[in-house]
Amino acid sequence: MAKAADIGSKRLISLAPDAWVQWVTGQSDVLTRDFLASDFQWVSRESDVLLKVFSPNQGEFLILNELQLRYSPAMPRRMRAYAALAEERYKLPVYPVLVNILPAAASVKIENCFESFLLGLQARQDYRVINLWEVDVQIVFEKPLPTLLPFVPLLKGGGEEVTVQRAVQLLRQDAILSELEPLLAFFASFVLNTALVAQILRWDMAVLRESPWYQEILHEGESREGRSLVLRLLTRKLGPISAEVQSQIESLPLAELENLAEALLEFSSASDLTEWLQSH
């Protein structure tokens, strides 16, 4: 049985925390002091990473890292609440950062602050926004920034086969980094042909399903990408899917789609998929 790997936000940032905090702040003298607890009663998610850092100019402060698969209009209010809770708990100023992994719908405006006005009173919380699709892929290799290696296919200029292969080579040079290869394969499937991804990457489903981003994609439910992901995984495991079967899968409700995502891990042939669809 494959060994499960921790490929959540905290694990990724811990690969090179100083490189990460220097990148998100744009300050080369910021150093990580500690990873802090981020369980603030009703605010606790795997995508939240709170770091205590230090710089000669600013002294000690906190960096609030929020990594989201996709931007939500609820994020400004969440960033305001989280920053306030962190500052109150640790009595240090907070530098909030929101990292969006996949582009939002064209109609959605990505905000970089929270603002409210009530009876002459104003509340405001600024935060830095980093959209990975706007980040040049070369920064990952030049800095280096191993935390972003699994996201290389999604970065600006990162969707080419040769660039993905370069990321794979770097992951395989380190035993710890090599555990992230399934996550790289997952994001590579968004921009490259599934057969090509299978050729250059190891796709370990036992590891991949531990990823919070994989789970979030599945829970998008009616979104095209949630269904597209399941179809990609089935094609990777069983080969080409007929139009009729694809239509059946696309018509599945959310609960059954999630069940299929789990069941496909045990499929060994197209007949297994056919039997599963007949029974559901």
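Cut-offs and rules
Residues numbered from 1 in each chain as written. Predicted model: local features only at pLDDT ≥ 70, side-chain atom pairs only at ≥ 80, totals over all residues. Heavy atoms only, no water. Phe/Tyr/Trp six-rings, centres within 6.5 Å; stacked < 30°, edge-to-face > 60°. Buried < 20%, exposed > 50% of the residue type's maximum accessible area, 1.4 Å probe, protein only. Axes fitted to C-alpha atoms, helices over the stretch in contact; angles between N-to-C directions. Helix = DSSP H or I, 4+ residues; strand = E, 2+ residues; numbered from the N terminus. Parallel < 35°, antiparallel > 145°, perpendicular 65-115°, else oblique. Contact = heavy atoms within 4.5 Å. Nonpolar A, V, L, I, M, F, W, Y, C, P; charged D, E, K, R; others polar. Pairing = 2+ DSSP bridges.

As a further point, take the packing of aromatic side chains. By the definition in use, this model includes five aromatic pairs. Relative to phenylalanine 187, the ring of phenylalanine 186 lies with its centre 4.9 Å away and its plane at 45 degrees, an arrangement referred to as tilted. Judged by relative accessible area, phenylalanine 186 falls into the buried class, the value being 0%. Of the residues examined, phenylalanine 187 reaches a relative accessible area of 0% and is grouped as buried. Three or more aromatic residues joined by ring pairs form one cluster here, namely Phe151, Phe186, Phe187 and Phe190.

Let's shift gears to the packing of helix α5 (residues 161–172) against helix α6 (residues 181–188). Axis separation between α5 and α6 bottoms out at 10 Å; the angle between their running directions is 170 degrees. When the axes of α5 and α6 are compared, the pair comes out roughly antiparallel. Each of Val164, Ala167, Val168, Leu171 and Arg172 in α5 lies in contact with α6, whose residues at this interface are Glu181, Leu184 and Ala188. Considering only residue class, the contact of α5 with α6 consists of six nonpolar, no polar and two charged.

Turning to unusual backbone geometry, a few remarks are in order. Here the residue pair lysine 143 and proline 144 is connected by a cis peptide bond, since its omega of -15 degrees sits within 30 degrees of zero. Along the polypeptide, proline 144 turns up in the loop between α4 (138–142) and α5. Unusually for a residue other than glycine, lysine 91 sits at a positive phi of about 55 degrees. On the secondary structure map, lysine 91 appears in the loop between α3 (75–90) and β4 (94–102). Positive phi, close to 50 degrees, is recorded for leucine 119, a residue that is not glycine. Residue classification places leucine 119 among the exposed residues on the basis of a relative accessible area of 82%.

Okay, the sheet that holds strand β1 (residues 31–36) next. The mixed open sheet is built from five strands, whose spatial order is β1-β2-β3-β4-β7. Taken across any chain shown, the strands that pair with only one partner, and hence form the sheet edges, are β1 and β7 (128–131). The average undirected angle you get between the axes of adjacent strands in this sheet is 25 degrees. The pairing of β4 with β7 spans four bridges and is classified as parallel. Within β7, the residue paired with leucine 98 across the bridge is valine 129. On the sheet, α3 packs against β1, β2 (48–55), β3 (59–70) and β4 and is oriented at approximately 150 degrees with respect to β3.

Burial analysis of α6 places eight of its eight residues in the buried class, which makes it a mostly covered element. What α6 keeps buried is the set Glu181, Pro182, Leu183, Leu184, Ala185, Phe186, Phe187 and Ala188.

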